[in-house]
Every structure is written in structure tokens, then in C-alpha cells.
Amino acid sequence: IYNFVFPYSSAITSGRIHVNGVNLHYQCAGRGDHAVLLLPGALGCSQTDFGPQLKFLNKESFTLIGWDPRGYGLSIPPARDYPADFFSRDAKDAVDLMQALNFKRFSMLGWSDGGITALIAAGSYPSLINKLVVWGANAYVTAEDLTLYNAVKDVTNWSPKMRKPMEDIYGMEYFANTFSAWVEAMTHFVSRSDAGNICRHLLPLIACPTLIIHGMKDPMVPSFHPEFLHQQVKDSRLHLMPEGKHNLHLRYAEEFNRLVEDFLRSA
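Residues numbered from 1 in each chain as written. Predicted model: local features only at pLDDT ≥ 70, side-chain atom pairs only at ≥ 80, totals over all residues. Heavy atoms only, no water.

- As annotated in an unreviewed UniProt entry, the chain is AB hydrolase-1 domain-containing protein from Eleutherodactylus coqui.

Take a look at the structure:
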């Protein structure tokens, strides 16, 4: 919609830009040479999912871009939908957003659904991706995963603390309907002919150094998922956080940020 000038300060600024037929909202912090895109989880946005990263990752080394995928956060309208290729659509949106902001090459930090999106982007556009960090992500969906998703499908059963950030952004109805639609979309992967595949076929095409982080107490992602990613992504390492749950980057932000900064700075 408009050109955006990144100020030279520690402030978090925001803007919107027209990409692939939608207006995508993003936040920006820092002025470093190393551009890093932060990709949120299902129904998440920059504001809900990456506060400690936007605030505390090094602003001199990195330029941090947090984005709201279409239908999430402040990238509404449109309302969120889940066509069969929604992860690939998000990956294209993410890459095209960074290109529109004149970041030709960049790294990605992807959490949960954002980790899946980041894996697809890295496998589909390998020449554009510098480094990759994913946690809480999976390349395929199993019956065991569906059991975990269905257990949380009805958001009225969530604790008030877990619901509040989403309800504040979306209101109860949009939040409940959209999360239920997400569970249905994940269910469809299992019913297809390729055994739950989301992006297994793209993992061998990822060419950048990759850090896979796994919280060993993650209630949503069984440990066979990060182990599979580590096997399939050739230049990857797996780091386990014994006390980490699904939102380890929020709960253990200091440890997570230090780990990520060291990895992004390493040769």
C-alpha cells in the first residue's frame, strides 16, 4: 500500500504491504545486516507469538520482521481459510513479503505452523534462505497427532489464560470457528493418499544450515517429528530443551534467544 522506511532505533514499528492480493501486516525491529523473518503458529501473529524476540534479539546484528499470515492478526481481511495448499500459500506469501520489503536473502525463525511454513519456503526457494530455525514443527500428520489436535479443538475447554490473547485479537466466535477449521484442515492431510504428507518431499531440498529445537515436554508435537526433520534436512542439528513445552521461545525466552543468536551468527 505504501513504502515503509525502517527507523534506526530499538522501537518496534509496523506497516502493511500488498502481497499476492492481500494486505499483509508486519512488525519490524532492529537495523542489522542480517534479515530474519519470524513465522507464527496457527492463529498466531507477530504480536502474540514473538514479543520477547522482537524486544530482545540483537538489534545491531539483525533486522527482525514479524508477520501476520493472511486471515490472522492484523492481516484480516480476508478471513482465514484452509484450502489444501494453505501451507504453501503461506510460504509464498512470506517469501514475497520479504522480497517486497527488499530483503533479497533472509533467515527464518518458524514456530509450530510457522515452522512448517518455513520448511516449505526453505525447500521451495533455497537460494533465498540464509539460515533456518524451527521448533514445534512437523513434516507430516499421523493419527497420534490428530488425537492431540482433537483434544484441544473446542477452545471453550482451554484455560482462560490460554484463550485470552486469541479472544482479545479475534473475538470468541472467529477464534473458535477458525481454530476448529484448522483442526479439520490438519485432519484432511491424513485422509489423502500420501500418508499424511505436508512437506516431507521438500526436506531434502533445504540447502541452508538448519537448527531444529524441541521441547521434550511439548504436549502437541511428539519427539519423532523433530527427529525426522533432523534425519531429512542434511545440514541440520537438533537441540533438545528438557523442560521446554510447545511455547519454549516464550517460556524460556532468554535461553532460546541466546541459542538462536549464536546459531545465526555462526559461520
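## Considerations on the overall build of the chain
And step 1. The helix and strand tally for the chain stands at 10 helices and eight strands.
And step 2. Taking 267 residues into account, the globule formula puts the C-alpha radius of gyration at 18 Å, and the chain, at 17 Å, falls close to it.
And step 3. With respect to the principal axes defined by its C-alpha atoms, the chain has extents near 45 × 40 × 35 Å.
And step 4. Across the 267 residues of the chain, 55% fall into the buried class.
And step 5. Here the contacts in the chain between residues at least 6 apart in sequence split such that 72% fall between residues at least 24 apart.
And step 6. Summing over all exposed atoms, the chain offers an accessible surface of approximately 11500 Å²; the carbon and sulfur share of this is 54%.
And step 7. Taking the average place of the 24 positive charges on the side chains of the chain and the average place of its 26 negative ones, the gap between the two points comes to 4 Å. (Helix = DSSP H or I, 4+ residues; strand = E, 2+ residues; numbered from the N terminus. Rg over C-alpha atoms; globule rule 2.2 N^0.38 Å. Buried < 20%, exposed > 50% of the residue type's maximum accessible area, 1.4 Å probe, protein only. Contact = heavy atoms within 4.5 Å. Areas by Shrake-Rupley, 256 points an atom, 1.4 Å probe, with all protein chains shown as cover. Lys, Arg positive; Asp, Glu negative; His and termini not counted. Charge placed at Lys NZ, Arg CZ, Asp CG, Glu CD.)

## A closer look at the environment of G30
And step 1. On the secondary structure map, G30 appears in strand β2 (residues 22-30).
And step 2. Separated by 32 residues in sequence, G30 and F62 have C-alpha atoms that sit 5.9 Å apart.

## Comments concerning the packing of aromatic side chains
And step 1. Taken as a whole and assessed by the stated rule, the structure comprises 13 aromatic pairs.
And step 2. Aromatic pair Y140 and F228: ring centres 5.1 Å apart, planes at 85°, arrangement edge-to-face. Taken together, the positions of Y140 in the loop between β6 (129-135) and α5 (143-151) and F228 in helix α8 (residues 224-232) put the pair 88 residues apart, joining distant regions of the chain. Each member of the pair, Y140 as well as F228, carries the same accessibility label: buried.
And step 3. Put simply, the rings of Y149, W158, F175, F179 and W182 touch in pairs and so form one group of aromatic residues.
And step 4. The aromatic ring of Y72 is capped on one face by R80, whose charged end is 4.3 Å from the ring centroid.
And step 5. Positioned above the aromatic ring of Y252 is the side chain of R251, whose terminal nitrogen or guanidinium carbon lies 4.8 Å from the ring centre. (Phe/Tyr/Trp six-rings, centres within 6.5 Å; stacked < 30°, edge-to-face > 60°. Lys NZ or Arg CZ within 6 Å of the ring centre and 35° of its normal.)

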